[in-house]
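Structural overview for review
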Number of protein chains: 2
Amino acid sequence: MTLTGKNFIAGEWSGNTNNGFTATNASTNEAMTTTFADATETEIEQAVTAANSAFISYSQLSSTKRAHFLRTVGEQIVALGDELVDIASAETGLPAMRIQGERGRTVGQLNLFADLLESGEYQGVFDQADNERQPMPKPDTRLGYLPLGVVGVFAASNFPLAFSTAGGDTASALAAGCPVIMKAHAAHPGTAELVGRAIGKAITLCGINAGVFSLIQGKNYAISSQIVTHPLVKAIGFTGSERVGMILQQQINQRAEPIPFYGELGSVNPQFILTNKLKEDAEQIAQALVASLMMAQGQFCTSPGIWAVIDNKESDSTVECFIDTAISAIENTEAGVMLTSGIAASYKAAVNEWQAIDGVTLVAQGQQSSTEHLCSAALFSTSFATFEKHTVLHEEVFGASALIVRCADDDEMMQLVASLKGNLTASIHGLDSDLKQAQAVAQFLAHKVGRLIYNQMPTGVEVCASMNHGGPFPASTNIRSTSVGSEAIKRFQRPICYQNMPQELLPLILRNT
Amino acid sequence: MTLTGKNFIAGEWSGNTNNGFTATNASTNEAMTTTFADATETEIEQAVTAANSAFISYSQLSSTKRAHFLRTVGEQIVALGDELVDIASAETGLPAMRIQGERGRTVGQLNLFADLLESGEYQGVFDQADNERQPMPKPDTRLGYLPLGVVGVFAASNFPLAFSTAGGDTASALAAGCPVIMKAHAAHPGTAELVGRAIGKAITLCGINAGVFSLIQGKNYAISSQIVTHPLVKAIGFTGSERVGMILQQQINQRAEPIPFYGELGSVNPQFILTNKLKEDAEQIAQALVASLMMAQGQFCTSPGIWAVIDNKESDSTVECFIDTAISAIENTEAGVMLTSGIAASYKAAVNEWQAIDGVTLVAQGQQSSTEHLCSAALFSTSFATFEKHTVLHEEVFGASALIVRCADDDEMMQLVASLKGNLTASIHGLDSDLKQAQAVAQFLAHKVGRLIYNQMPTGVEVCASMNHGGPFPASTNIRSTSVGSEAIKRFQRPICYQNMPQELLPLILRNT
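Residues numbered from 1 in each chain as written. Chains lettered and ligands numbered in written order. Predicted model: local features only at pLDDT ≥ 70, side-chain atom pairs only at ≥ 80, totals over all residues.

Comments concerning the pairing of strand S10 (residues 233–239) of chain B
All names here are of chain B. Rule in force here: Once C-beta atoms are placed from the backbone, each residue is buried if 20 or more other C-beta atoms lie within 10 Å of its own, exposed if 12 or fewer, and partly exposed for counts between those two. Runs of E in the DSSP output that reach at least two residues are strands. Runs of H or I that reach at least four are helices, and both are numbered from the N terminus. By this definition, two strands are paired if DSSP reports at least two bridges between them. Handedness rule for crossovers: strands pointing away from the viewer, path from the first strand over the helix to the second running clockwise, crossover right-handed.
In terms of burial, S10 is a largely internal element, 7 of the 7 residues being buried. Direction of pairing for strand S7 (residues 150–154) relative to S10: parallel, over a ladder of 5 bridges. Paired with Val-150 across the bridge in S10 is Val-233. When S10 meets strand S11 (residues 261–264), the two strands line up parallel, connected through 4 bridges. The residue bridging Thr-239 from the neighbouring strand is Glu-264, located in S11. Read from S10 through helix H8 (residues 242–253) to S11, the crossover connection turns out right-handed.

In structure tokens, the structure reads:
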């Protein structure tokens, strides 16, 4: 199969690839061969108009048919075979095995939503009529859910399959009954094209209105702006940096009609290692934290970026042991390929910026490489006093960088909790004998995170009904939503009450059985 | 009991009433005696800080205790007796019987949330651990809900009890576990003070942290701005005009941390009278629409503002009969007191503006009054072509004004549906023989409303589990939320996933039974 470099607009491949952009092979840092067309204003308008035209019929498709469509998308992704793995691996620098695993997760997500649709859950609430009620009769009221309309989705750089073209946002929006305008990530346009092709085949196989999905390629900001400000677009899903996310948020704020913006922007995923746990397991926990940090070269949204310990007379040697173990482990790590040269440059700049801060020590670095676009892990250490003073230390560094924050006592650890911005996750590492300290930390830490973990690493997100992948800002721009797990579908639905409706006018799921 | 005119800041009555504002007796249009203190910047800061300090302990109160607190608030409101009815009636011009009914609803809402808390619903979702799973064990994950933090609530002018100091927003926020900063409406500050006193008594009786509730009086915009932009305020509830709502929205948009804004801003609540229904029941439906329109002098958020009929050769005489009946009914209505002289002036200006539009006919007016602050009902008629051309006709006129839109055929009626902005409600009025037409209208109309009604008037909102009072903008700034019914509590909660937590670190409701 050859890549076309074109946009996929409501079933048609479209675009002028003479003056577009190319992807970069992340491992070699060399341009790849296909030129991709920046989508034009007209193409985006066509995509949104077609999506809106497809909305009513697609939203009224039975749950069974929508489920079948989602499963078919998954099957078509698998049918892409090794070519998908090869291109995704080349574009992102992520190893083939990781891409294969992510493909499994992506198909699993599509099937999760298919299962959900087939299960007939979300039936809403019924309140029966009561004609005898005084002073006025009670009408029959039934609470149902409607899809919001056209959803704009922005792909993430760090999950070329699971958070991209047919990733969690797309799967949950399609499951909810919403057409999707997918803005591909410019770092993996070939991966996007292949997956877009799979979705296109599934649309044809299932006889669905082609407007239900369009794939927009491009590198310029005008494209994103046009999508998020379009009056027919009714919700946005985004995973990326706080900087870009806030640009989109500001554009969305200019709209006449406010719409939900589900942006997952940044998280330092703080790790609290409690007193007795540190005494017992300093080495084991240090090694586990480094292993978690190094996953995908630190490019997981749940990467553990802050490690909090209590460092005083009582704990002195255990903190030393913990730090020494972490230093050895970090020093053993090889320099690694980053998703893009831009991410590599930002990472290096952040590491340099932190090094220059008075009171912050770079205690360990991974092995260096003479190759410019490879990055080495970095482990810093600082006191809580220094951490508190420098807001830059509270920001996520995307990549394998972590900061040990040494608190003088329990009080300072509680102040550290209070000083945190919002996070996707945090972990508390403790023994039974740490329970009192754990309770004190947990009751405040819970309000800073979307997922609170005990004695496990933050990396690795279960895709299940009880998952929450979101949290206080900047983890999410919409604290009441999750982007992973079956609850993610709710982001693209909204309640409606049907009052005194004849059976024929009710959605199937709300009719009398 | 004498009104103090003061603010109630975390348990203390505070403020300088020497240079404040007075309420107006809506019926006489004369200033009332008490001077109310505009809250100062310092008082608001104190209120928010105290609320934030109260947050963790209040949020951890058991459901039973929180339910008892809500019931006690209701009891204390009832204990205010006739004085509350007298003051609310004087400040708003609403008759005593209406205020008594609204008091019942307000207490009912508090008890509804108390019932909900006691029922132990919202227990979240559990996914059990599976240590044998390959390639990696599945951790124990449990989805729970946390309150958001301090909530700012803005009282509505048109429901001095049910959407004000202890109204639906306050009740649902307190039920969720959030402290409340209540900005009283300047049109009924005395009512607010009395209800604030009742809440204060309930706080004392239940031994709750006084920071949980503060009442802010005032007329200047700086007060609202300070509340909505305060970093410790985590959600806003507002019911009022689109103009003021959008000012608040823009201020909220400037925040570093986005927060949910639940604004209920405006709705024309369109009524679709289908062909056969019009033929059979022209007179009955016209009378019912006028009766619904005249409730509280048209000052219900669900007032029926647009009445759509098909007017062509086949329907000609029935439309005439419908309009003639409506004209007679409107002409029989007396001029009425409005909630405020500002609302009266806006209403009159809108009626004048519509009258001046080419193609819009003022077909009937209610009885006129020589008293400046009384308003007469107004019934307009226009073609769909004129309606489509003038966006001002799509806007809510707050008061007893309605517009009959004559569509040439089914197609134009569908175009009318498509041209509508978002609404709290819409009704379809039909016979069994109108079913096909009803289905065509309903499938598109559903996407324009928060509540779709069949053969009933839009005024009157059930407070129950299946209610949705919200809808697409401008009905609500947050389409995924309801401000009435038990689901309203969800506006002030957000999901959190607990992973691998020991029982002692879980909220009671998520522990193993």
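What follows picks up the thread again.
Brief notes about the interface of chain B and chain A
Defined as follows: By definition, residues are in contact whenever their C-beta atoms, placed on the basis of the backbone, come within 7 Å of each other. By the convention adopted, Pro, Cys, Tyr, Trp, Phe, Met, Ile, Leu, Val and Ala count as nonpolar, Lys, Arg, Asp and Glu as charged, and the other residues, Gly among them, as polar.
With 54 residues of chain B at the interface, the matching set in chain A holds 55 residues. Counting residues per element, the ones that place at least two in the side of chain B that touches chain A are strand S5 (126–127), strand S6 (141–147), H8, helix H14 (435–445), strand S20 (449–454) and strand S21 (493–499) of chain B. Tallied by class, residues from the side of chain B that touches chain A come to 29 nonpolar, 15 polar and 10 charged. Relative to S21(B), strand S20 (residues 449–454) of chain A runs parallel, the two sharing 3 bridges. Bridge pairing links Arg451(A) to Cys497(B) in S21(B).

What about the domain arrangement of chain A?
By a widely used convention, the size of an interface equals the accessible area lost when the partners come together. All names here are of chain A. What counts is decided by this rule: The domain limits used here are those given by an automatic or database domain assignment.
Taken domain by domain, chain A comprises domain 1 (34–265 + 476–510) and domain 2 (271–454). With centres defined by C-alpha atoms, the gap from domain 1 to domain 2 works out at 34 Å. Facing the 9 residues of domain 1 at the interface are 8 residues of domain 2.

A few points about the relation of the copies chain B and chain A
Keep this limit in mind: Least-squares superposition of the copies uses the C-alpha atoms of those residues scoring a pLDDT of at least 70 in each of them.
Overlaying chain B with chain A gives an RMSD of 0.0 Å, the required rotation being 180° about an axis along which the chain moves by 0.0 Å. The two molecules are tied by a two-fold rotation axis, judged by turn and shift. Residue Asn253(B) of chain B places its C-alpha closer to the rotation axis than any other residue of that unit, at 3.2 Å. Both copies present the same face, since 100% of the interface residues in chain B are matched by interface residues at the equivalent positions in chain A.

Considerations on the packing of helix H13 (residues 410–419) of chain A against helix H14 (residues 435–445) of chain A
Each pair of packed helices can be summarised by the angle the axes make with each other and by the distance between the axes. Residue and element names in this part refer to chain A. Put simply, the rule reads: Helix axes use the C-alpha atoms of the stretch in contact, all axes being lines fitted to C-alpha atoms, and the angles between their N-to-C directions lie in the range 0 to 180 degrees. Oblique is the label for any angle not covered by the other classes, which are roughly parallel (under 35 degrees), roughly antiparallel (over 145) and roughly perpendicular (65 to 115). Here a crossing is called left-handed whenever its near helix is offset anticlockwise from the far helix by less than a right angle, and right-handed whenever the offset is clockwise.
One way to put it is that H13 packs onto H14 with a least axis distance of 9 Å and a crossing angle of 20°. It follows from the interaxial angle that H13 and H14 lie roughly parallel. When the axes of H13 and H14 are compared, the crossing they make is right-handed. Touching Asp-410, Met-413, Met-414, Val-417 and Ala-418 of H13 are Gln-437, Ala-440, Val-441, Phe-444 and Leu-445, all from H14. A per-class count over the contact of H13 with H14 returns 8 nonpolar, 1 polar and 1 charged.

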